[in-house]
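# Observations on chain architecture
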Amino acid sequence: MTRKTIKSSKPSGGRAIGLGKRISKSLSAQLLCGALGSLLAAITAFFLVLALGNSLLDHTIYGEPFAKRMADKEFSKLQEFVDTEKITEDNIQYLNVWSNRNHFLSLIIYKGEKCLYTSSVWYQLDDDSEVQPLTFDPSYESPEAEYHLTLSSGNTVQAFLYYYAGDSFYTVLTILSAAAAFIIFSGCFITLVHHKLAYIKKMKQELDILSGGALEYQVTVQGEDELGQLAYGIDQMRRSILAHQQAEERARSASSQLVTAMSHDLRTPLTSLLAYLELLDRKKYENEEQLHLFVKKSLEQTLRIKTMADQMFEYFLVYSAEWEQPDTEPQDADTLLEQFWGEYAFSLQSKGFSVETEFHPLHGSIAVNLELLRRAFDNIYSNLLKYADPAKPIRIIFQRKESQLVLRICNTVSPQHNSRESTNIGLNTCRRILEYHGGSFEAKEQNGIFEVRLTLPIG
């Protein structure tokens with residue numbers, strides 16, 4: 001056996017793995033932020049509508065041009081009332097009838113310096129804070145509000161007519177601003193709630209789909225709040241159930257294929273064994289030498305059946321659903337691999353095979369169950385004995401690649417064995433054992449070269 005050792009340096013550091021942390025946003029916090037945002041939008045809308053409304057009123061109803069037009073219009077009606085009712089200086093108080101109909105107007109009439117009529121009672125506070133009637137003087141009045149009213153007596157007097165729309169429009173504007181703020185608040189907040197309710201409704205529809213058996217349907221995950229986490233949990237549960245079902249289906253399919261293959265493979269040795277036993281039972285042998293030949297052939301077929309039974313038992317043992325995760329112990333990778341495959345290489349050479357090994361330093365430990373690992377290696381060794389071409393070398397290589405131990409075994413397939421065993425029980429057992437150890441197992445044949453590649457995590 002030729003052993004070649006290649007030196008390699010031990011990795012000086014590990015790659016830092018960043019663990020992303022999901023930042024969960026509480027649903028109640030989102031609703032609170034939504035309510036505060038809606039309130040802020042409502043307040044903004046309230047003052048915006050109020051400001052725009054005030055600006056509009058100041059330029060229309062409460063503006064001087066509008067008030068002047070309204071005063072001109074009402075003065076024409078006042079002159080018609082005076083003419084109709086024959087108002088003179090003596091019965092000028094009858095103008096109260098007209099004033100009571102026009103609450104937005106204030107009328108003051110002067111004859112010279114004397115105040116003949118006022119539609120309202122005006123008061124003022126004197127120095128002693130006592131209420132006194134207001135003193136009227138034409139010079140205090142606004143020239144824009146001055147009109148010349150002709151009484152029925154033919155005398156013309158000064159009339160000052162003031163138009164004021166009152167506070168009713170401001171009150172209406174305030175109500176409209178509050179209504180706009182309420183609509184904005186309700187619209188913003190209801191939009192947020194509707195979005196969440198729509199997501200809940202969608203989740204309910206997707207759950208109905210899943211409950212119908214369509215586990216391939218992916219649950220929609222939106223956001224990172226409680227609803228998003230719930231959807232994520234449901235989708236993970238769906239994936240788990242689907243994976244479990246698929247594993248069960250694969251196991252049922254593999255078991256069915258195994259039973260079919262084993263039935264076919266057992267039929268041949270059983271038929272041969274039955275034939276030899278019938279010959280022995282009927283004493284259809286010519287001499288003692290032929291008797292021993294029949295017995296030898298019967299034993300060979302019996303051993304062949306026993307081997308198949310052992311393989312099938314091993315298969316069901318490894319693939320049993322009740323088979324628990326094996327207990328593992330840390331082992332030095334270099335010592336363990338050199339011990340196993342050093343022995344296998346020596347045994348193969350003693351049986352006439354040519355073996356080439358490349359044992360690279362591993363510098364680490366592996367957590368394994370020795371009994372199961374030996375079972376996997378024994379299966380590989382058994383396949384080499386059965387199917388490898390003794391005239392061509394067998395290559396055994398193991399090395400470390402980052403955090404993985406990689407073992408490769410390559411051999412040329414013997415011309416006497418054109419195909420591998422039909423059931424592939426040994427290879428499937430190896431794959432199962434390596435998967436239980438967190439590793440992987442691959443086997444392939446190409447151009448007459450059969451290669452096995454297995455990996456194990458190494459620390």
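Structure: above.
An account of the accompanying structure is given in this report. In this text, all values refer to a predicted model and were calculated from it rather than measured experimentally.

### Points about the overall build of the protein chain
If you tally the helices and strands in the protein chain, you get nine helices and 14 strands. Residue pairs in contact within the protein chain that sit at least 24 positions apart in sequence constitute 69% of those at least 6 positions apart. Accessible surface, the protein chain as shown: approximately 28500 Å² in total, 57% of it carbon and sulfur.

### Some words on the pairing of strand S7 (residues 156-163)
Sheet topology places strand S2 (residues 105-111) next to S7; six bridges connect them, and they run antiparallel. Across the sheet, residue Tyr-110 finds its bridge partner in S7, namely Gln-158. Pairing of strand S6 (residues 146-150) with S7, which is carried by five bridges, proceeds in the antiparallel orientation. The residue bridging Tyr-147 from the neighbouring strand is Ala-159, located in S7. Following S6, the chain reverses through five residues before pairing antiparallel with S7; Gly-154 in that reversal takes a positive phi of roughly 95 degrees.

### A closer look at the sheet that holds S7
Two pairing modes exist for strands in a sheet, parallel and antiparallel, and in both the strands are linked by backbone hydrogen bonds. Sheet architecture is open: four strands sit in the order S3-S2-S7-S6, paired in antiparallel fashion. Unpaired on one side and paired on the other, strand S3 (114-118) and S6 mark the two borders of the sheet. Here the average twist between neighbouring strands, direction ignored, is 30 degrees. Packed onto the sheet, helix H2 (residues 64-85) meets S2, S6 and S7 and runs at close to 10 degrees relative to S6.

### With respect to the packing of aromatic side chains
Two descriptors summarise a pair of aromatic rings, namely the distance from one centre to the other and the angle between the planes of the rings. A complete count under the given rule lists 14 aromatic pairs for this structure. Geometrically, the ring pair formed by Phe-340 and Phe-377 is edge-to-face, given 5.4 Å between the ring centres and 80 degrees between the ring planes. One end of the pair, Phe-340, is in helix H7 (residues 333-350); the other, Phe-377, is in helix H8 (residues 370-387), with 37 residues separating them in the sequence. For the pair Phe-340 and Phe-377, a shared accessibility class is recorded, and that class is buried.

### Considerations on H8
Relative to the 26 Å expected for 18 residues at 1.5 Å per residue, H8 spans 26 Å between its end C-alpha atoms, a close match to the ideal helical length. Here H8 has its buried residues at Leu-372, Leu-373, Arg-375, Ala-376, Phe-377, Asn-379, Ile-380, Tyr-381, Asn-383, Leu-384 and Tyr-387. Sitting at the head of H8, Asn-369 places a side-chain oxygen 3.2 Å from the backbone nitrogen of Glu-371.

### Some remarks on the pattern of salt bridges
All chains considered together, the criterion is met by ten salt bridges. One salt bridge connects Glu-451 with Arg-408, and the closest N-O pair in it is separated by 3.0 Å. In this pair, Glu-451 sits in strand S14 (residues 449-457) while Arg-408 sits in strand S12 (residues 404-412), placing the two residues 43 residues apart along the sequence. Taking relative accessible area as the criterion, Glu-451 reaches 17% and is therefore assigned buried. The class of Arg-408 is partly exposed, set by a relative accessible area of 25%. Linked through salt bridges whose partners overlap, the residues forming this network are Asp-235, Arg-238 and Arg-239.

### Notes on the packing of H7 against H8
Interhelical geometry of H7 versus H8 gives an angle of 25 degrees and a closest axis separation of 11 Å. Classified by the interaxial angle, the pair formed by H7 and H8 is roughly parallel. The two elements H7 and H8 cross, and the hand of that crossing is right-handed. Across the interface between the two elements, Leu-336, Phe-340, Trp-341, Tyr-344, Ser-347 and Leu-348 of H7 pack against Leu-370, Leu-373, Arg-374, Phe-377, Asp-378, Ile-380, Tyr-381, Leu-384 and Leu-385 of H8. Tallied by class, the residues present in the contact of H7 with H8 amount to twelve nonpolar, one polar and two charged.

Calculation rules
All residue numbers here refer to positions counted from 1 along the written sequence of the relevant chain. Local features in this predicted model are restricted to residues whose pLDDT is 70 or higher, and side-chain atom pairs enter the listing and the counts only when it is 80 or higher, whereas totals over whole chains, interfaces and linings include all residues. Side-chain calculation: all heavy atoms of the structure are included, whereas hydrogens and water are not. Here a helix means four or more residues in a row that DSSP labels H or I, a strand means two or more in a row labelled E, and each is numbered from the N terminus. It only takes one pair of heavy atoms within 4.5 Å for two residues to be counted as in contact. Computed with the Shrake-Rupley method and a 1.4 Å probe, the accessible areas treat only the protein chains shown as cover for residues. We call two strands paired when DSSP finds no fewer than two bridges between them. Whenever a helix is involved, its axis is fitted only over the stretch in contact; in every case the axis is a line through C-alpha atoms, and angles between N-to-C directions fall within 0 to 180 degrees. Aromatic contacts are taken between Phe, Tyr and Trp rings whose centres are within 6.5 Å, Trp giving its six-membered ring; a plane angle under 30 degrees counts as stacked, one over 60 as edge-to-face, and the others as tilted. Any residue under 20% of the maximum accessible area for its type is buried, any over 50% is exposed, and the rest in between are partly exposed; the area is computed with a 1.4 Å probe on protein chains only. Take the number of residues in a helix, subtract one, and multiply by 1.5 Å to get its expected span. Two N or O atoms form a polar contact when they lie within 3.5 Å of each other; inside protein one atom must be a possible hydrogen donor and the other a possible acceptor, and for residues adjacent in sequence the pair counts only when both atoms belong to side chains. In what follows, salt bridge is the name for a side-chain nitrogen of Lys or Arg lying within 4 Å of a carboxyl oxygen of Asp or Glu. Roughly parallel means an angle under 35 degrees; roughly antiparallel means over 145; roughly perpendicular covers 65 to 115; every other angle is labelled oblique. By convention the crossing between two helices is left-handed if the near helix lies anticlockwise of the far one by an angle smaller than a right angle, and right-handed if it lies clockwise. Gly counts as polar in this scheme, as do all residues outside two lists: the nonpolar Ala, Val, Leu, Ile, Met, Phe, Trp, Tyr, Cys and Pro, and the charged Asp, Glu, Lys and Arg.

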